[in-house]
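Geometric and topological summary
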Amino acid sequence: MRRYLRVLLVCTLLVFCSLLYTFNQLVSSLESANHQARAQRTRAAEPGLSERAHDDRCNSGSVTHWKPYWRFPAAVCRVDCVTDMSLRSRSEPVGLAVVACGSRLEETLTMLKSAVLFSRRDLHFHIFAEDDLHAGFRQALESWPQRFRSRFNYSVYPITFPSDNAREWKRLFKPCASQRLFLPLILKQVDSVLYVDTDILFLRPVEDVWSFLSAFNRSHVAAMAPEHEEPRIGWYNRFARHPYYGKTGVNSGVMLMNMTRIRAKLFKICTFVCSTSRCQCCSSVTQTNDMTAVNLKWADLLMPLLHKYKLNITWGDQDLLNIIFHHNPESLFVFPCQWNYRPDHCIYGSNCAAAEQHGIYILHGNRGVYHDDKQPAFRAVYDVIQQFPFEEDPVGGLLVPLEEKLESAEHTYCGRVRHVFTKRLRQTVTDLQRETDKTRHVLEV
């Protein structure tokens, strides 16, 4: 009798397990169908995203900051899948990082002001500054009108470099500029960040450049714009004594970083000194007669690169980034020149076709052009944004004064293409005007 009872118990357990498995399969199929339906609704709701960005999304599975896509099997996430962190929830702040030293306080605040004025998303500023600038940043940011102050949070950090070589890093190129190289190692809990130089001005919402994260494929870890559009006036291809990215190098004044990927990636670096700027590197970890390639984490490659090339580099940390992405070109996403428009794009004649067509999206006033009279078109934009009162009428307080100032810059090459400075900004200001009018209407009611 006991034997029959045991057989009956075993059969009952088998039937229960079979039913449980069937139920689990049914739930999985329903979740898959629901995911596909959500994907179709997302395509319909977000027509601005490219087809490539849609196709790159994950088939299924929960992809988060702590469970990024590359830890999923290929059957779950295709080769070009991007993370949920790249798609960016509307409620998640856009991370903006900047490094300020010396007399850069006012210039940095003007950059942050342009970001807050035109953005529709919440922002988080990661401000790295010398200790004597911290109070100035806090005082200025806290004094901004509540309508704009409520749009951002901020963190102020001290300048920090590896203790063994802090002095060497701090003096590389401009004071503190090389701090950006260590952002992935300092902001360990931050997934992605948009780094910009202090002399940047946003002429359209910050979240628009942030959206390039959704265009990253599986290999991309960062995005920058080319250093030059015209090789005949390029610096790297004519003068560099070290490897550089592509045909003309890249400019690091606007650098979008997926820092989770940067921390995880093994970067390929050649361990020999190149005799020319166009030296070639091994394609894997091998050794030949004159070169050796090694794979290193970000934290381990910076100091060896500095020691190897410090006598050959001119532009400091930007040169080191060019060397890194020369050997790892698959890891860099390159965005068009209107996202990092500099005097080089117009002082020798207009050579940024994308800006001619669409206008400037991000203005980069390097060469100190915001503070002298050599390029009055650039200074005009800076002065107008710096002097603009937050609550004033945007069209009358921003656009009209800028157009008047640009008329007096016609004697320069950049002034002759003054339409590129206002083409996109006009739409941005119109959107801001609409928001301002709406706010005033609510207050009146």
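Below is a short write-up of the structure.

What counts and how
- Residues numbered from 1 in each chain as written.
- Predicted model: local features only at pLDDT ≥ 70, side-chain atom pairs only at ≥ 80, totals over all residues.
- Heavy atoms only, no water.
- Disulfide = S-S within 2.5 Å.
- Helix = DSSP H or I, 4+ residues; strand = E, 2+ residues; numbered from the N terminus.
- Salt bridge = Lys/Arg side-chain N within 4 Å of Asp/Glu carboxyl O.
- Buried < 20%, exposed > 50% of the residue type's maximum accessible area, 1.4 Å probe, protein only.
- Axes fitted to C-alpha atoms, helices over the stretch in contact; angles between N-to-C directions.
- Parallel < 35°, antiparallel > 145°, perpendicular 65-115°, else oblique.
- Left-handed = near helix turned anticlockwise from the far one by under 90°.
- Contact = heavy atoms within 4.5 Å.
- Nonpolar A, V, L, I, M, F, W, Y, C, P; charged D, E, K, R; others polar.
- Expected span 1.5 Å × (residues − 1).
- Core = buried A, V, L, I, M, F, W, Y, C linked by side-chain atoms within 4.5 Å.
- Pairing = 2+ DSSP bridges.
- Phe/Tyr/Trp six-rings, centres within 6.5 Å; stacked < 30°, edge-to-face > 60°.
- Lys NZ or Arg CZ within 6 Å of the ring centre and 35° of its normal.

**Quick word on the state of the cysteines**
Here a disulfide denotes a covalent bond joining the sulfur atom of one cysteine to the sulfur atom of another. Taken as a whole and assessed by the stated rule, the structure comprises three disulfides. Put simply, cysteine 337 and cysteine 352 are joined by a disulfide, and their sulfur atoms are 2.0 Å apart. Every disulfide takes its handedness from the sign of the S-S torsion; for cysteine 337 and cysteine 352 that torsion is 95 degrees, giving right-handed. Here the residue cysteine 337 occupies a position in the loop between strand E10 (332-334) and helix H14 (353-358), and cysteine 352 occupies one in the loop between E10 and H14, the gap between them amounting to 15 residues.

**Observations regarding the pattern of salt bridges**
In the structure shown here, the tally under the stated rule is 18 salt bridges. Put simply, arginine 147 and glutamate 435 hold a salt bridge, and the shortest N to O gap is 3.6 Å. Within this pair, whereas arginine 147 is found in helix H6 (residues 146-149), its partner glutamate 435 is found in helix H18 (residues 419-444), the two being separated by 288 residues in sequence. A relative accessible area of 18% means that arginine 147 is categorised as buried. Relative accessible area serves as the criterion here: at 29%, glutamate 435 is assigned to the partly exposed category. The structure contains a network of salt bridges with shared partners spanning Arg120, Arg204, Glu207 and Asp208.

**Notes on unusual backbone geometry**
Positive phi, normally seen in glycine, also occurs at arginine 367, with a value near 65 degrees. Structurally, arginine 367 is set in the loop between strand E11 (362-364) and helix H15 (376-387).

**A few points about the packing of H15 against helix H16 (residues 394-407)**
Helix packing for two helices is described by the angle between their axes and how far apart those axes are. Close contact between H15 and H16 brings their axes to 9 Å; oriented N to C, the two are set at 155 degrees. Judged by the angle between their axes, H15 and H16 are roughly antiparallel. The interaxial crossing formed by H15 with H16 has right-handed handedness. Mapping the contact onto sequence places Ala377, Ala380, Val381, Val384 and Ile385 in H15 and Gly397, Leu398, Pro401, Leu402, Lys405 and Leu406 in H16. Looking at side-chain class alone, the contact of H15 with H16 contains nine nonpolar, one polar and one charged residues.

**A few points about H16**
Relative to the 20 Å expected for 14 residues at 1.5 Å per residue, H16 spans 19 Å between its end C-alpha atoms, a close match to the ideal helical length. Inspection of H16 places Pro394, Gly397, Leu398, Leu399, Leu402 and Leu406 among the buried residues, and these make up the whole buried set.

**Examining the nonpolar core**
With 78 residues, the main nonpolar core has Leu194, Phe202, Tyr341, Leu363 and Phe421 as its most contacted residues. Beyond its immediate stretch of four places on either side in the chain, phenylalanine 421 contacts Leu203, Tyr341, Ile360, Leu363, Ala377, Phe378, Val381, Leu402, Leu406 and Cys414. The next biggest cluster of nonpolar side chains, apart from the first, holds 41 residues, and it includes Tyr195, Val250, Tyr309 and Phe325.

**So, the sheet that holds E10**
Spatial ordering of the open sheet is given by E3-E2-E1-E4-E7-E6-E10, a layout of seven strands whose pairing is mixed. Strands at the two margins of the open sheet, each flanked by one partner only, are strand E3 (152-157) and E10. Ignoring strand direction, the axes of neighbouring strands in this sheet form an average angle of 25 degrees. Across two bridges, the pairing between strand E1 (residues 94-100) and strand E4 (residues 192-196) is parallel. Residue pairing in the sheet places leucine 96 in a bridge with leucine 194 of E4. Here helix H4 (residues 105-118) sits on the sheet and contacts E1, strand E2 (123-129), E3 and E4; the angle it forms with E1, its principal contact strand, is near 165 degrees. Where helix H13 (residues 317-327) meets the sheet, its contacts fall on strand E6 (222-226), strand E7 (250-258) and E10, and the angle it forms with E7 comes to roughly 65 degrees.

**Some thoughts on the packing of aromatic side chains**
Each pair of aromatic rings is reported with the distance of its centres and the angle of its planes. Enumeration according to the criterion identifies 22 aromatic pairs in this entry. Judged by centre distance (5.5 Å) and plane angle (50 degrees), the rings of phenylalanine 212 and phenylalanine 333 are tilted. Of the two residues, phenylalanine 212 is situated in the loop between helix H9 (206-210) and E6 and phenylalanine 333 in strand E10; the sequence distance between them amounts to 121 residues. The buried category is assigned to phenylalanine 333, whose relative accessible area is 13%. Ring centres 5.5 Å apart and planes at 90 degrees place the aromatic pair tryptophan 235 and tyrosine 236 in the edge-to-face group. With relative accessibility at 1%, the residue tyrosine 236 sits in the buried group. A connected cluster of aromatic rings, assembled from ring pairs, spans Phe125, Trp144, Phe148, Phe152, Tyr154 and Phe390. The residue whose ring lies beneath lysine 113 is phenylalanine 390, and the NZ or CZ to ring-centre distance is 5.2 Å.

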